[in-house]
Amino acid sequence: MEIVCVTGAGGYVASWVVKELLAKGYFVHGTVRNPADEKKNGHLKKLKHAEEKLHLFKADMLDYASLCTAMDGCTGVVHIATPVPAGKVADPQAEMLEPAITGTRNVMNACLKTKVKKVVVVSSVLAIVANPSWPKNQVTDENRWSDVEFCMKNDKWYSAAKAISEREALEFGKKNNLKVVTVCPSVVFGPMLQSTICTTNIILLNLFKGENSLNLIEFDNAQDDIYIPIVDVRDCANALLLAYEKPEADGRYLCSSHVLKMKALVELLKSLFPHYIYPTDFPALDEKLNYTCEKMVNLGWNYMSLEKTLVDSVETFQKNGLLS
Ligand SMILES: NC(=O)c1ccc[n+]([C@@H]2O[C@H](COP(=O)([O-])OP(=O)(O)OC[C@H]3O[C@@H](n4cnc5c(N)ncnc54)[C@H](OP(=O)(O)O)[C@@H]3O)[C@@H](O)[C@H]2O)c1
């Protein structure tokens, strides 16, 4: 069975990708910044088949040589590692743009050097939506790109980083005859395999404590009753595997299962878990939003109910002592 390299293997989304790859019989080269860090990466070693099939490599995205070592012998790469900050950072160029863009360039060059055949790059819905000139009534699909100039002028550094690195990866693939597919997940919720909590699960967890912290990620009007597009982490991992395995997968994919207003999300949570305290203040916003993930579905993708995602999320928060 072939070997697939997963960058940032210990992270929230990546851990599920590693789990699914191992379950399907692949050998996995996972890159992590410190393989000895049990708190961050110990869960990977406990995955089924990890002992025989998972090899962790110490690699930083800014260290090209370490990536070449990890990718040596691999047929494919799923590139996931990127800084996902919870809120504003002191130096966004150094802390977000540089690692995301240079990191993706290094991954692409390492793929050429090690003769990798296919790369799936994880981008984001934020590489799509930060574009105020997109016509209000037009459906949001893979043709929409965040406007990088607008992002940089408006402190949307994560959105800019994702859009620039995704576009460059696609162009690199065309120029160098390397098969590159990009997947843009929306807000990822669902159970965690790792014990350290990621940014989007902080947002979900805070809702059970009466706090709306959607402003930790770069959505416009994050404190208002905006639409929030959601995908389950397991469905996201499946989408990445489909993008990797399907020979017909091509270009860019928007990956989002459910879109609902923040107030509606809180109402749903209240009906499922009535004993928590929820935020109440979501100023109304006249907003129209229409997403389509038809391209992803046409690749064979399907997804679970939002209720299941939320119930399983709460179970993992409780298991990890994050919620009583
Ligand atoms: N969660 C979401 O809602 C969501 C939505 C859309 C797209 N995405 C994308 O999905 C991917 C994973 O996000 P996540 O939510 O799973 O976040 P996460 O748990 O924070 O994972 C990010 C991973 O990237 C690694 N990383 C960051 N900078 C690195 C560097 N310079 N060198 C090596 N590794 C580095 C982190 O390693 P350390 O632990 O060592 O920092 C971590 O393993 C990202 O590309 C993100 O943009 C996430």
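Preceding this paragraph is the structure being described.
Anyway, here's the lowdown on the structure attached to this text.

Looking only at helices and strands, the protein chain has 12 helices and 10 strands in total. The principal-axis extents of the C-alpha atoms in the protein chain amount to approximately 55 × 45 × 40 Å. A burial count over the protein chain gives 43% of its 324 residues as buried. In the protein chain, once contacts between residues fewer than 6 apart in sequence are set aside, the share between residues at least 24 apart is 75%.

The ligand sits among 26 residues. The nearest are G8, G11, Y12, V188 and T200. Among the elements of the structure, helix 1 (12–23), helix 5 (92–114) and strand 7 (187–189) are those that each provide at least two residues to the shell around the ligand. Partitioning the shell around the ligand into residue classes produces 15 nonpolar, 7 polar and 4 charged.

What follows covers helix 8 (residues 199–207). Here helix 8 has its buried residues at T200, N201, I203, L204 and L207. What you see down the axis of helix 8 is that its buried residues fit within an arc of 150°, all on one side. Residues of helix 8 that are buried make contact with helix 1, strand 7, helix 10 (262–272) and helix 12 (306–319).

V13, V17 and L240 are the most contacted members of the largest nonpolar core, which has 91 residues in total. Those residues in contact with V17 that lie beyond four places of it in its chain are V6, V78, I80, A237 and L240.

Another point: the packing of helix 5 against helix 7 (residues 157–176). For the pair helix 5 and helix 7, interaxial distance at closest approach is 9 Å and the crossing angle is 15°. In terms of orientation, helix 5 lies roughly parallel with respect to helix 7. As helix 5 runs across helix 7, the sense of the crossing is right-handed. Contacts between helix 5 and helix 7 pair P92, M96, L97, A100, I101, T104, R105, M108 and L112 from the former with W157, Y158, A160, A161, K162, I164, S165, E168, A169, F172 and N176 from the latter. Considered class by class, the residues forming the contact of helix 5 with helix 7 number 14 nonpolar, 3 polar and 3 charged.

With that settled, the discussion passes to the pairing of strand 2 (residues 27–32). Counting buried residues along strand 2, 5 of its 6 residues qualify, which places the element largely inside the surrounding structure. For strand 1 (residues 3–7) and strand 2, the ladder comprises 5 bridges, and the chain directions are parallel. What sits directly across from V4, in strand 2, is V28. For the crossover from strand 1 across helix 1 to strand 2, the handedness is right-handed. In the sheet, strand 2 pairs with strand 3 (residues 54–58) via 5 bridges, with the strands oriented parallel. Along strand 3, the bridge assignment pairs H29 with H55.

About the criteria used
Residues numbered from 1 in each chain as written. Predicted model: local features only at pLDDT ≥ 70, side-chain atom pairs only at ≥ 80, totals over all residues. Helix = DSSP H or I, 4+ residues; strand = E, 2+ residues; numbered from the N terminus. Buried ≥ 20, exposed ≤ 12 C-beta atoms within 10 Å, placed from the backbone. Contact = placed C-beta atoms within 7 Å. Near = placed C-beta within 6 Å. Nonpolar A, V, L, I, M, F, W, Y, C, P; charged D, E, K, R; others polar. Arc of directions from axis to C-beta. Core = buried A, V, L, I, M, F, W, Y, C linked by C-beta atoms within 7 Å. Axes fitted to C-alpha atoms, helices over the stretch in contact; angles between N-to-C directions. Parallel < 35°, antiparallel > 145°, perpendicular 65-115°, else oblique. Left-handed = near helix turned anticlockwise from the far one by under 90°. Pairing = 2+ DSSP bridges. Right-handed = clockwise from strand over helix to strand, strands pointing away.

Treat this as a map of the structure, not an account of what it does.
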